[in-house]
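Notes for the structure review
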Amino acid sequence: MSTGGGRNRGRGMDPIRVGICGFGTVGSGTFTVLRRNRADIAARVGRDVLVTHIGARRDNPRCDTAGARVSRDVFEVVRDPEVDIVVELIGGCDTARALVMEAIAAGKHVVTANKALIAEHGNEIFAAASARGVSVAFEAAVGGGIPIIKAIREGLAANRIEWVAGIINGTGNYILSEMREKGRSFAAALADAQALGYAEADPTFDVEGIDAAHKLVILASLAFGIPLQFDKVYTEGIGALAQEDLAYADELGYRVKHLGICRRTAEGIELRVHPTLIPDDRLIANVNGVMNAILVKGDAVGPTLYYGPGAGSEPTASSVVADIVDVARTLTADPEHRVPHLAFQPDRLSGEAVLPISAVRTSYYLRVAALDRPGVLWRVAQILSEAGISIEALIQKEAPEGQETATMILLTSVTVESRMSEAIAAIEALDSTRGRVTRIRMEKLEG
Ligand code: HSE
């Protein structure tokens with residue numbers, strides 16, 4: 001086996017040379033943190049860590065890059081023989097994939113914050129990295145500054161992980177918090193998140209749950225030892241959430257959060273991102289703004305919670321730099337005995353099936369608009385009862401003055417999604433109901 005990192009052995013106290021590709025929010029944060037904390041980082045690694053080459057299409061006015069070479073072509077960084085670690089912070093998949101694969105082929109270690117790249121191309125990237133004997137580190141890809149990958153891959157290595165549930169998109173959580181706490185509009189809150197550097201280049205990734213789905217796929221692989229399977233995630237965004245649903249949830253003692261959930265069941269693995277009602281006394285229900293939080297339930301440890309800033313320049317840089325420190329420390333380790341990329345040895349990943357959303361079991365919040373006349377609630381209750389679904393809580397609001405439709409809010413028992421879909425279709429087909437039934441899944445998240 002070739003050992004790409006081998007050329008660093010025997011360099012004694014030579015500095016580790018880092019090349020940063022992409023110099024936006026996270027790239028400039030990484031540069032700044034490495035410079036500001038240079039002495040501490042050198043003391044931790046045992047040698048100096050220097051940014052010697054930056055690849056960026058334009059200068060970043062927030063950073064004085066004096067002392068580092070700057071190239072307009074990011075591939076120049078990968079081709080620089082002096083660079084030991086390539087830090088990929090350009091985002092997206094196409095160029096990033098080509099860049100990372102070229103870096104691996106050149107025997108360079110890679111650090112990336114790119115969740116889309118890892119979720120969609122990680123299997124191929126890790127196989128190439130293992131064959132070449134280099135590391136690909138990606139702590140910043142999930143949870144911004146929270147060291148959740150290290151926690152699951154190393155800190156919880158004793159456990160059989162049962163489920164993971166997390167607020168893993170800072171932009172979405174910021175928007176929901178601003179809407180609920182300050183009554184702000186969706187659009188105004190999203191504009192703020194963009195100005196603060198939290199949102200993706202294409203903010204529909206945040207709003208529609210694609211960014212969270214990328215992160216969830218990575219968490220599921222680390223937790224359950226399965227290959228990365230982005231195409232199997234059920235994804236629902238926050239764009240369709242109405243302010244009134246946030247208020248009704250409050251009234252019933254719940255908060256609505258956009259959660260990524262993966263759970264091991266007897267039938268297979270649930271992998272889903274959607275708005276979720278959570279009891280308001282859970283710690284995770286009270287995580288607001290750009291903060292992320294991830295609950296991990298292990299069989300030995302029980303429930304554990306990891307909390308911190310999920311996006312932003314220096315919080316994300318904190319994870320990128322931690323990876324650089326890790327890689328710098330392991331430059332002399334036998335590549336066969338490094339921590340495996342997906343927590344489990346590549347030849348021991350399991351083929352456990354990922355369940356379709358129709359097979360997922362959960363409880364539900366339903367909002368039904370119905371004519372304000374006797375017997376309607378009874379018909380709705382009858383449909384649910386015939387499906388074996390019980391009603392656990394109910395609010396009925398009178399029709400506002402001059403309007404004919406009243407609102408019913410129902411919280412149900414746990415059932416399988418396919419059965420709930422049939423019951424909802426039957427409710428929508430009643431003469432006495434109007435429009436679509438709003439469905440939000442509920443999770444108790446009990447340890
Ligand atoms: N757009 C992402 C978020 C950035 O808002 O969480 C961090 O991955």
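In short, a report on the structure. (Residues numbered from 1 in each chain as written. Predicted model: local features only at pLDDT ≥ 70, side-chain atom pairs only at ≥ 80, totals over all residues. Heavy atoms only, no water.)

Here's the deal with the nonpolar core
- Counting residues in hydrophobic clusters, the biggest one holds 55 residues, and the most contacted among them are Ile 148, Ile 218 and Val 296.
- Contributions of two or more residues to this core are made by helix H3 (75-78), helix H4 (94-105), helix H5 (115-132), helix H6 (148-155), strand E7 (161-167), helix H10 (210-224), strand E10 (269-279) and strand E11 (291-298).
- Domain assignment of the residues forming this core places at least three in each of domain 1 (6-145 + 313-348) and domain 2 (148-309).
- For Val 296, the contacting residues outside a window of four places in its chain are Ile 148, Ile 152, Leu 156, Ile 161, Trp 163, Val 164, Gly 302, Pro 303, Thr 304 and Tyr 306. (Core = buried A, V, L, I, M, F, W, Y, C linked by side-chain atoms within 4.5 Å. Buried < 20%, exposed > 50% of the residue type's maximum accessible area, 1.4 Å probe, protein only. Helix = DSSP H or I, 4+ residues; strand = E, 2+ residues; numbered from the N terminus. Domains from an automatic or database assignment. Contact = heavy atoms within 4.5 Å.)

Notes on the packing of helix H2 (residues 38-45) against helix H12 (residues 313-330)
- Running from N to C, H2 and H12 point in directions that differ by 35°, and their axes come no closer than 9 Å. The chirality of how H2 crosses H12 is right-handed. Between H2 and H12, the contacting residues are Ile 41, Arg 44 and Val 45 on the first element and Val 321, Val 325, Ala 328 and Arg 329 on the second.
- Taken together, the residues of the contact of H2 with H12 sort by class into five nonpolar, no polar and two charged. (Axes fitted to C-alpha atoms, helices over the stretch in contact; angles between N-to-C directions. Left-handed = near helix turned anticlockwise from the far one by under 90°. Nonpolar A, V, L, I, M, F, W, Y, C, P; charged D, E, K, R; others polar.)

Some thoughts on the site of the ligand
- If you check the shell around the ligand, you find Lys 115, Asn 169, Gly 170, Thr 171, Tyr 198, Ala 199, Glu 200, Asp 206, Asp 211, Lys 215, Gly 310 and Ala 311 and nothing else.
- Between Glu 200 and the ligand, the recorded distance is 2.6 Å, taken from a side-chain N or O atom to a nitrogen atom.
- For the ligand, whose free accessible area comes to 260 Å², the fraction covered by protein is 94%.
- Of the residues contributing to the shell around the ligand, the split by class is three nonpolar, four polar and five charged. (Near = heavy atom within 4 Å. Polar contact = N/O pair within 3.5 Å; in protein donor to acceptor, adjacent residues only side chain to side chain. Areas by Shrake-Rupley, 256 points an atom, 1.4 Å probe, with all protein chains shown as cover.)

Some points on the pattern of salt bridges
- Tallied over the full model, the rule gives 33 salt bridges.
- With its nearest N and O atoms 3.3 Å apart, the salt bridge here joins Glu 244 to Arg 367. Taken together, the residues Glu 244 in helix H11 (residues 243-251) and Arg 367 in strand E13 (residues 361-371) connect sequence positions 123 residues apart.
- Taking the relative accessible area as the measure of exposure, Glu 244 reaches 35% and is therefore partly exposed.
- For Arg 367, a relative accessible area of 16% gives the class buried.
- Where salt bridges share partners, they join Lys 115, Glu 200, Asp 211 and Lys 215 into one cluster. (Salt bridge = Lys/Arg side-chain N within 4 Å of Asp/Glu carboxyl O.)

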